[in-house]
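Examining the three-dimensional arrangement
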Amino acid sequence: MTNVVDETMKNNLSTQSVTGDFPMQRFSVAPMLDWTDRHCRYFHRLMSKEALLYTEMVTTGAIIHGKGDFLAYNEEEHPLALQLGGSNPIDLARCAKLAQERGYDEINLNVGCPSDRVQNGMFGACLMGEADLVAQCVTAMRDVVDIPVTVKTRIGIDDQDSYEFLKDFIHVVSEKGGCDNFTIHARKAWLSGLSPKENREIPPLDYPRVYQLKQDFAHLTMAINGGIKTFEEMEEHLKHMDGVMVGREAYQSPYLMAEVDQRLFGSERPVMKRREVVEAMYPYIEKQLANGSYLGHITRHMLGLFQSMPGARQWRRHISENAHKPGAGIEVVQQALDKIPAHLDV
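Residues numbered from 1 in each chain as written. Predicted model: local features only at pLDDT ≥ 70, side-chain atom pairs only at ≥ 80, totals over all residues. Heavy atoms only, no water.

Describing the pattern of salt bridges
The test is simple: When a carboxyl oxygen of Asp or Glu is within 4 Å of a side-chain nitrogen of Lys or Arg, the pair counts as a salt bridge. Helix and strand assignments follow DSSP, with helices taken as H or I runs no shorter than four residues and strands as E runs no shorter than two, numbered in order from the N terminus. Burial classification: accessible surface area is computed with a 1.4 Å probe over protein chains only, and a residue below 20% of its type maximum counts as buried, one above 50% as exposed, and the rest as partly exposed.
One pass over the full model with this rule turns up 14 salt bridges. In this structure, Asp-69 and Arg-102 form a salt bridge, with 2.8 Å as the shortest nitrogen-oxygen distance. Of the two residues, Asp-69 is situated in the loop between helix 3 (60-65) and strand 3 (80-85) and Arg-102 in helix 4 (residues 89-102); the sequence distance between them amounts to 33 residues. Residue Asp-69 is classed as partly exposed on the basis of its relative accessible area of 47%. Of the residues examined, Arg-102 reaches a relative accessible area of 36% and is grouped as partly exposed. Note that Lys-214 is salt-bridged to Asp-242, the shortest N-O span being 2.8 Å. Taken together, the positions of Lys-214 in helix 9 (residues 207-216) and Asp-242 in the loop between helix 10 (231-237) and strand 8 (243-246) put the pair 28 residues apart, joining distant regions of the chain.

Right under this line is the structure:
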């Protein structure tokens, strides 16, 4: 089976892109801390060749001073963007250059994360109040790389949440910094009083404000993020925006990824079935286990694959109860797949 799956994977990843005139970020998966690691991204890439994938946010300090390799990824993940956290133009430029040398397709500056830890490091959403500094950071990175340098931001912070504030921020970063590509999370961020999780749920979504921003900056490429769950919603947003970014829904219901290329990019390739996705993961899992990875670190991203299907609970339970055990191997996933009724063509 492994040889067949290897060839399937090779074909799935080597077929020419069908995006045509579509911008690279027509559909992207949001950078999500502790979620969108390299195992998750490989899993998502199996189902969609066209989606732009983002790393978790990586701080400049981790890259420059950390002991691990914070730029590691699987070659199959392209197109892949590195999201950086930082506010020192020199450090950001250094990291951007390293990322380009490692083969990343885009550098994205985080101007949206509201956590206290991020604020203490003077980056994330608090940078919305420092538009000139953001412009300097973007300029510094653009001066040393040829790949796109983009910005992901909110629509406001705290009481600085007027449309004029947002418009001024985009104007400064685009005109002074040369940034021509933004992803806008359609909620403002409260820098104190709300947790990062609450900041993703409590501030109300304001899609019309983001649409207006795109109208006022028609020459810029803009994607919208926040609360997007269905293809119908994506298609509606794409009437107004250049791209959509999906976060939690792509993680919690990952089979959404299997139809992205067909629904949003016009691909005529057959949609992979869930069983095919699991079986296509086998060679990767075996390789990662041989290199010292733990099974649970990989399979945790796969738990939602059969959501709402018969056997889904048994699939999740078997993996959750067994993948963390010492010596757990590929047989855990194979046994979990056996929990899905064999007659189901899924």
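Thoughts on the nonpolar core
Put simply, the rule reads: Each nonpolar core is a collection of buried residues, namely Ala, Val, Leu, Ile, Met, Phe, Trp, Tyr and Cys, held together in the definition by side-chain atoms within 4.5 Å. In what follows, residue pairs with any heavy atoms lying within 4.5 Å of each other are defined as contacts.
Core analysis: the largest hydrophobic core is formed by 113 residues, its most contacted members being Phe-27, Ile-170 and Trp-315. Non-local contacts of Trp-315, meaning those with residues more than four positions away in its chain, are made with Val-278, Met-302, Leu-303, Phe-306, Val-333, Ala-336, Leu-337, Lys-339 and Ile-340.

Some thoughts on helix 7 (residues 163-175)
How we decide: Helix span, as expected, comes to 1.5 Å for every residue beyond the first.
A rise of 1.5 Å per residue sets the reference length of helix 7, with its 13 residues, at 18 Å; its end C-alpha atoms lie 18 Å apart and thus fit the reference within 8%. For helix 7, the set of buried residues is Tyr-163, Phe-165, Leu-166, Phe-169, Ile-170, Val-172, Val-173 and Ser-174. Next to the buried residues of helix 7 lie strand 4 (106-111), helix 6 (131-142), strand 5 (149-153), strand 6 (181-185), helix 9 and strand 7 (221-225).

On their own, these measurements won't tell you what the molecule is for.
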